[in-house]
Amino acid sequence: MTSKKMATGASTVVRPPQVVSQGNPQLDALARALSLECTTQFSAVADQQYLYDYQGCLSLGLAPGAREHPVYVDFSQQWRKRHRGKELLLKAIGGRREGLRVIDATAGLGRDSFLLATYGASVELCERHPVVAALLTDGLKRAAQDPDVAGFVQRMTLHEGSAIERLSGCLGSADQAPDVVYVDPMFPDSGKSALVKKEMRLFHHLVGKDDDDDALLAAALAVARHRVVVKRPPKAPIIDGPSLSALGARGRPQFAVTGKAVRFDVYPIKAFGNN
């Protein structure tokens, strides 16, 4: 993910978040680590984003007076509010397999990574935006203290940095190569703002749009042992670009698992069990 532009594609550069520490030494340290301005109070600037403590969670949001719910990582809440039924992602990755090694190349808030971990997979979350990585680090630490989800997050590790570089590091190493690489690029703006939750607007504006989808997918196809899965809106085109055109048929999905709100494009590499 990148913070160069807003998700709408506008050229406006998003103002970096400020850290509201209110005397919290951990937030002071975070501000120094991320090279962000640290303040003790919220300002009157309407669109200024902040990192602050919200009910014990490191959160990204506007000033409380904006009445926008902040963004934070809460795997315990995700587990409590899980919905049983059609598990499209489970089908897309090839079913429930204990010990399945997955690299989530675009971790974001980690929701799909957590879902994969509940299926029994060991998941490495790649996140290159330092603010989002900080939210994930906080969420993983809190979840590790919750006995209901601690077993799941023990299967999750965070890699802060470029997923392309991480995947390139797996080349030629059978021990490091993941069974599945999962790619969830930032969805393109549909123009239907009602489809985007209010609290997610901040997140989208912070990380912007992905502009290297094809290179990321090509890197995933080069190292995945069994398959690559790409999450897309149902009517969105498949990911394409120069890096994939050079791969011919390998650069195009062989099938998709589709629901009402999402589509998973599947790029099979080798059948499971044929090691």
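Since the model is a prediction, treat every value here as computed from it, not as a measurement.

Here is what the cut-offs are and how they apply
- Residues numbered from 1 in each chain as written.
- Predicted model: local features only at pLDDT ≥ 70, side-chain atom pairs only at ≥ 80, totals over all residues.
- Heavy atoms only, no water.
- Helix = DSSP H or I, 4+ residues; strand = E, 2+ residues; numbered from the N terminus.
- Buried < 20%, exposed > 50% of the residue type's maximum accessible area, 1.4 Å probe, protein only.
- Areas by Shrake-Rupley, 256 points an atom, 1.4 Å probe, with all protein chains shown as cover.
- Salt bridge = Lys/Arg side-chain N within 4 Å of Asp/Glu carboxyl O.
- Lys, Arg positive; Asp, Glu negative; His and termini not counted.
- Contact = heavy atoms within 4.5 Å.
- Pairing = 2+ DSSP bridges.
- Axes fitted to C-alpha atoms, helices over the stretch in contact; angles between N-to-C directions.
- pLDDT = per-residue confidence, 0-100.

(A) Representation of the overall build of the protein. Within the protein, the regular secondary structure consists of ten helices and eleven strands. Evaluated residue by residue, the protein yields a buried proportion of 49% over its 275 residues. Here the protein displays about 14000 Å² of accessible surface, and carbon together with sulfur accounts for 50% of that area.

(B) Representation of the pattern of salt bridges in the model. Going through the model one piece at a time under the given rule, you end up with seven salt bridges. The salt bridge involving D212 is made with R128; its shortest N-O contact spans 2.9 Å. Placement of the pair is D212 in the loop between α8 (198-207) and α9 (213-223) and R128 in the loop between β6 (122-127) and α5 (130-143), with a sequence separation of 84 residues. For R128, a relative accessible area of 30% translates into the label partly exposed.

(C) Examining the side chain of D184 more closely. One can find D184 in the loop between β8 (180-183) and α8. Among buried charged residues, D184 stands out as having no salt bridge; its nearest opposite-charge side chain is K231, 4.1 Å away. The residues touching D184, leaving out its near neighbours within four places in the chain, are T106, D112 and K231.

(D) Representation of the sheet that holds strand β3 (residues 50-54). An order of β2-β1-β3-β4 is seen for the four strands of this open sheet, with the pairing classed as mixed. Single-partner strands in this sheet number two, and they are β2 (38-39) and β4 (57-61). Where β3 meets β4, five bridges bridge the pair, whose relative direction is antiparallel. Counterpart to Y52 in the pairing with β4 is S59. Its contacts with the sheet put helix α1 (residues 25-34) on β1 (18-20), β2, β3 and β4, and the angle it makes with β3 is roughly 155°.

(E) Broad picture of the confidence of the model for the protein. Mean pLDDT over the protein works out to 86, with 86% of the residues at or above the 70 mark. Throughout residues 1-12 the model reports pLDDT below 50, and contacts reaching past four residues in sequence, or to other chains, amount to 36 contacts. Low pLDDT, under 50, characterises residues 191-195; the stretch is placed with two contacts to residues that sit more than four places away or in other chains.

(F) Geometry of α9. Along α9, nine of the eleven residues are buried, which leaves the element largely enclosed by surrounding structure. Along α9, the residues classified as buried are D213, D214, L216, L217, A218, A219, A220, L221 and V223. Where α9 is buried, its residues meet α7 (163-168), β8, β9 (227-232), α10 (242-245) and β11 (263-268).

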